[in-house]
Amino acid sequence: MTKPTVVVAPDEAALARLAADYVLHVPGQREGTFRVALSGGRTPRSLYELLASDGYRSAVRWTDWHVFFADERAVPADHPDSNFGMLDELLLSRAPLPPDRVHRMRGEAEDLASAAEDYERELAGSCSARTPSLDLVLLGIGDDGHTASLFSGTEGLREEERWVIANYVPKLGAHRLTLTYPALAASRRVAFLVAGEGKAEVVRRVLAGDGELPATKAAAHPRATFLLDRGAASALGAEWRGV
Ligand code: 6PG
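What you are looking at is a predicted structure, and each value in this text was computed from that prediction instead of being measured.

Counting residues in each nonpolar core, the largest one holds 80 residues, and the members touching the most others are Trp65, Leu179 and Phe192. The biggest single contributor to this core is helix α1 (residues 12-25), with seven residues.

Further remarks concern the environment of Lys217. By the element assignment, Lys217 lies in helix α8 (residues 214-219). Using a relative accessible area of 52% as the deciding quantity, one classes Lys217 as exposed. Sequence-wise, Lys217 and Glu161 are 56 residues apart; in three dimensions their C-alpha atoms are separated by 16 Å.

Whenever strands of a sheet pair, they do so through backbone hydrogen bonds, lying parallel or antiparallel. Strand order across the open sheet formed by six strands is β1-β9-β8-β5-β2-β3, with parallel pairing between neighbours. The strands lining the two open edges of the sheet, one partner per strand, are β1 (5-9) and β3 (65-69). Between one strand and the next, the sheet's axes are offset by a mean angle of 20°, whatever the strand orientation. Its contacts with the sheet put helix α5 (residues 112-126) on β2 (34-38) and β3, and the angle it makes with β3 is roughly 155°.

On to the site of the ligand, then. Surveying the vicinity of the ligand reveals 15 residues, the closest of which are Arg42, Thr43, Arg73, Ala148 and Lys199. One nitrogen or oxygen atom from the main chain of Gly40 is found 3.3 Å from an oxygen atom belonging to the ligand. The contact in question runs from an oxygen atom of the ligand to an N or O atom on the side chain of Asn83, over 2.8 Å. A class-by-class count of the residues in the shell around the ligand yields two nonpolar, nine polar and four charged.

The subject of this paragraph is unusual backbone geometry. Positive phi is not limited to glycine here, since Ala148 has a value of about 45°. Mapped onto the elements, Ala148 comes out in the loop between β5 (136-139) and β6 (164-169).

Among the residues of helix α4 (residues 83-90), Asn83, Phe84, Met86, Leu87 and Leu90 are the ones counted as buried. Along the axis of α4, the buried positions cluster into a sector of 165°, meaning they face one direction only. Close packing links the buried residues of α4 with β2, α2 (45-52), β3 and β4 (71-73). Where α4 starts, the residue carrying a side-chain oxygen 3.2 Å from the main-chain nitrogen of Phe84 turns out to be Ser82.

Calculation criteria
Residues numbered from 1 in each chain as written. Predicted model: local features only at pLDDT ≥ 70, side-chain atom pairs only at ≥ 80, totals over all residues. Heavy atoms only, no water. Core = buried A, V, L, I, M, F, W, Y, C linked by side-chain atoms within 4.5 Å. Buried < 20%, exposed > 50% of the residue type's maximum accessible area, 1.4 Å probe, protein only. Helix = DSSP H or I, 4+ residues; strand = E, 2+ residues; numbered from the N terminus. Pairing = 2+ DSSP bridges. Axes fitted to C-alpha atoms, helices over the stretch in contact; angles between N-to-C directions. Contact = heavy atoms within 4.5 Å. Near = heavy atom within 4 Å. Polar contact = N/O pair within 3.5 Å; in protein donor to acceptor, adjacent residues only side chain to side chain. Nonpolar A, V, L, I, M, F, W, Y, C, P; charged D, E, K, R; others polar. Arc of directions from axis to C-beta.

Such coordinate-based values are descriptive only and should not be taken to indicate function.
Structure below.
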């Protein structure tokens, strides 16, 4: 496994700035079209707010952006749990991003399996090759080691062909739409944004290659970057923290 790059920020506010600068300068951003898949959850909220703020908004080449989603909950777009809803509120509605560049997963669909197939087609249609060459997938890591909506013990972990699936998550008693391992592996880069001491142990396990945790397989991407605050990095040995 190629060793992921680990960058540690002193606190959560600095982590949001680090992540915003990473997104702005990631290779591909300046080459015409930038296809990024974004995640939900609490951690990236300050990043999204920052990208929409006066200081950053003008530095982003919005006309090049295609925004996809790493995953979505099975709720309508105006539901408080909707990843699209959160992103729309914090970033998309504030950015000069043409609506046809925002590719929402239809979490409200009765038939989530078809919604996943539609999304896979939309993703493939926006990429020139048959592979889902997303330039960047921004991921989080749950306390239990899930990433996107790839949870331990779920069927979705075994998916080898499809890029987008409806994955039933027994512990949540709910379906989620999610990119799969093949979609993550085919993307140019993956970046994990993780904050807080409560995530220190799971981050340590993922970087130690613990195969029990879904995030570990995603982190095996040859261009994986971990953007951490000091708390999330606190269980890592010196070899990871560059000290
Ligand atoms: C989601 C996700 C999920 C998230 C992790 C971490 O929709 O919930 O995309 O994979 O990234 O659960 O979430 P936190 O940032 O809230 O810890």
